[in-house]
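# Descriptive structure summary
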Amino acid sequence: MKKSNRKFQVSHYTIHSKKLPAAFDGYRIVHLSDLHGAVFGRKNENLIRAVQGIHPDLVAMTGDMADNTRDAALRALRLCGKLTKDFPVYYSIGNHEQTLRTDMTPPDFLRELRGQGVHVLDNSRETVSRRGSLIRLYGLTTGMVYYKDPLGEYRKGAYFSAEDTKELLGTAGKDCFNLLLAHNPLYFPSYRDWGADLTLSGHIHGGILRIPYLGGVLSPDLTLFPKYDAGYFAERGKQMIVSRGLGNHFLFRVCNPPEVVVITLQTTNQSADV
């Protein structure tokens, strides 16, 4: 790992929504994505210490924390095991969890995650409660045909729609705040139209190479200047934060440090601060 890729940056966002119950005002989420077997300090102690210092109410992982080697899968499991001792950890599934090619199969990996106390959201939802109020947390697993990887299982012309989202997750709650963990941000318009008030995603690795004022250059599917590369996006009253991720699967990051995202929820109807 290059020296510039060995240190992560902590990015802070504030998300405002009139749908948030007053009990969730100030609720803090740490968002981790795309570890891909990377290590920050011995056994990821630097990463663990950073999360502990933030004191989140919840840790959300949006996929590709594991990779195609057994060591990478074990590192992800070890990290989760450490964090679940202090915080509730919710994990949604990326493309690499679906294509593990080690002696640890995808079902084995998910079973081990659950054994560590992780809330695995595989096209499922859970209710998160705080002082008598609740929000809904969903985790979406999109099939490999929807990842526009020319070397993978992508089916030309495939598009993951709002109806597809509904088919997998059911109807979004109309009277509560809906938080969606979805690895691939490409389909944000579908998540938005389905009813996700806030979507957390990763997958794009910040565009690998970032150019000031232009953003990320290349997505994992070899798209140039992907629209949803990193950071905050808002459309039609719905919001999304895309993590630049923590590790690499191909190429090295340039002007694009690994990232830990911290999100603070606020119960107002203002625009989000970045």
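Since we're looking at a predicted model, the values are computed, not measured. (Residues numbered from 1 in each chain as written. Predicted model: local features only at pLDDT ≥ 70, side-chain atom pairs only at ≥ 80, totals over all residues. Heavy atoms only, no water.)

## A closer look at the packing of aromatic side chains
In plain terms, the rule: Centre distance within 6.5 Å is the pairing criterion for rings of Phe, Tyr and Trp, where only the six-membered ring of Trp is used; planes under 30 degrees apart are then read as stacked, over 60 as edge-to-face, and the remainder as tilted. Each helix is a run of H or I in the DSSP string that is no shorter than four residues. Each strand is a run of E no shorter than two, and both are numbered from the N terminus. Note on classification: 1.4 Å probe, protein chains only; a residue is buried when its accessible area is under 20% of the maximum for its type, exposed when over 50%, partly exposed between these limits.
Scanning the model with the defined rule gives ten aromatic pairs in all. Ring geometry for Tyr138 against Trp194: centres 4.9 Å apart, planes inclined by 90°, an arrangement best described as edge-to-face. Note that Tyr138 is positioned in strand β7 (residues 133-140) and Trp194 in helix α6 (residues 188-194), a separation of 56 residues in sequence. Its relative accessible area of 0% is what places Tyr138 among the buried residues. Residue classification places Trp194 among the buried positions, given a relative accessible area of 9%. Pairwise contacts between aromatic rings join Tyr146, Tyr159, Phe160 and Tyr187 into one cluster.

## A few points about helix α1 (residues 45-54)
Applicable threshold: In this description, the arc belongs to the directions extending from the helix axis to the C-beta atoms. In this description, contact between two residues means that some pair of their heavy atoms is separated by no more than 4.5 Å.
Along α1, the positions that sit buried rather than exposed are Leu47, Ile48, Val51 and Ile54. An end-on view of α1 places all buried positions within 125° of arc, on one side of the element. In this structure, the buried residues of α1 make contact with β1 (9-16), β2 (28-32), β3 (58-62), α2 (70-83) and β14 (259-266). Taken from the residues just after α1, His55 is the one with a positive phi, measuring 55°.

## Notes on the pattern of salt bridges
Stated precisely, the cut-off is as follows: Salt bridge criterion: a side-chain nitrogen from Lys or Arg within 4 Å of a carboxyl oxygen from Asp or Glu.
Applying the stated criterion across every chain yields a total of ten salt bridges. A salt bridge links Asp197 to Lys19, with the shortest nitrogen-to-oxygen separation between them at 3.1 Å. Taken together, the positions of Asp197 in the loop between α6 and β9 (198-201) and Lys19 in the loop between β1 and β2 put the pair 178 residues apart, joining distant regions of the chain. The shortest N-O distance in the salt bridge between Asp197 and Lys238 comes to 3.1 Å. Here Asp197 is found in the loop between α6 and β9, whereas its partner Lys238 is found in strand β13 (residues 238-242), with 41 residues between them in sequence. With respect to burial, Asp197 and Lys238 carry one shared label: buried.

## As for the environment of His36
To be explicit about the condition: Here a polar contact is recorded for every N or O atom pair within 3.5 Å, except that within protein the pair must consist of a potential hydrogen donor and a potential acceptor, and residues adjacent in sequence are included only if both atoms are side-chain atoms.
Mapped onto the secondary structure, His36 falls in the loop between β2 and α1. As a C-alpha pair, His36 and His96 span 60 residues in sequence and 8.6 Å in three-dimensional space. Apart from the residues within four sequence positions on either side, His36 is in contact with Asp64, Met65, Ala66, Asp67, His96, His205, Gly247, Asn248 and His249. Looking at His36, its side chain comes within polar contact range of the side chain of His205, at 3.2 Å.

## Quick word on the sheet that holds β7
Note on sheets: strands pair through backbone hydrogen bonds, and any given pair is parallel or antiparallel. Selection rule: Pairs of strands are assigned from DSSP output, requiring at least two bridges between the strands. Only the stretch in contact is used when fitting a helix axis, every axis being a line fitted to C-alpha atoms; angles between N-to-C directions are given from 0 to 180 degrees.
With respect to topology, six strands assemble into an open sheet ordered β6-β7-β8-β9-β13-β12, the strand pairing being mixed. The open sheet terminates on both sides in strands that have one partner only, identified here as β6 (124-130) and β12 (231-235). On average, each strand axis in the sheet is tilted by 20° relative to the strand beside it, whichever way the strands run. Summarising the sheet, β12 and β13 pair through five bridges and their orientation is antiparallel.

## With respect to helix α4 (residues 106-115)
If you check which residues of α4 are buried, you get Phe109, Leu110 and Leu113. Axial view of α4: buried residues confined to an arc of 95°, hence all on one face. Seen from the buried face of α4, the exposed residues on the opposite side, beyond 90 degrees, are Pro107, Arg111 and Gly115. Tucked into the core, α4 has its buried residues touching α2, β4 (89-92), α3 (95-98) and β5 (119-121). Directly after α4, the chain includes Gly117, whose backbone phi takes a positive value near 90°.

## A closer look at the nonpolar core
Formally: As used in this record, nonpolar core signifies buried Ala, Val, Leu, Ile, Met, Phe, Trp, Tyr and Cys residues forming a set joined through side-chain atoms within 4.5 Å.
One finds Leu32, Val59, Met61, Leu83, Phe109 and Leu113 to be the most contacted residues of the largest nonpolar core, which totals 33 residues. For this core, the secondary structure elements donating two or more residues are β2, α1, β3, α2, β4, α4 and β14. A total of six residues in this core trace back to one element, the largest contributor, which is α2. Not counting chain neighbours up to four residues away, the residues in contact with Leu32 comprise Leu47, Val51, Val59, Ala60, Met61, Thr62, Met65, Leu83, Leu246 and Val260. Membership of the second largest hydrophobic core comes to 23 residues, among which are Ile29, Tyr90, Val128 and Leu137.

## Digging into the sheet that holds β3
Overall, mixed pairing links the six strands, which are arranged β1-β14-β2-β3-β4-β5 in an open sheet. Each edge of the open sheet is held by one strand with a lone partner, namely β1 and β5. Along the sheet, successive strands turn relative to each other by an average axial angle of 25°, direction set aside. Running over the sheet, α2 touches β2, β3 and β4 and is turned about 165° from β3.

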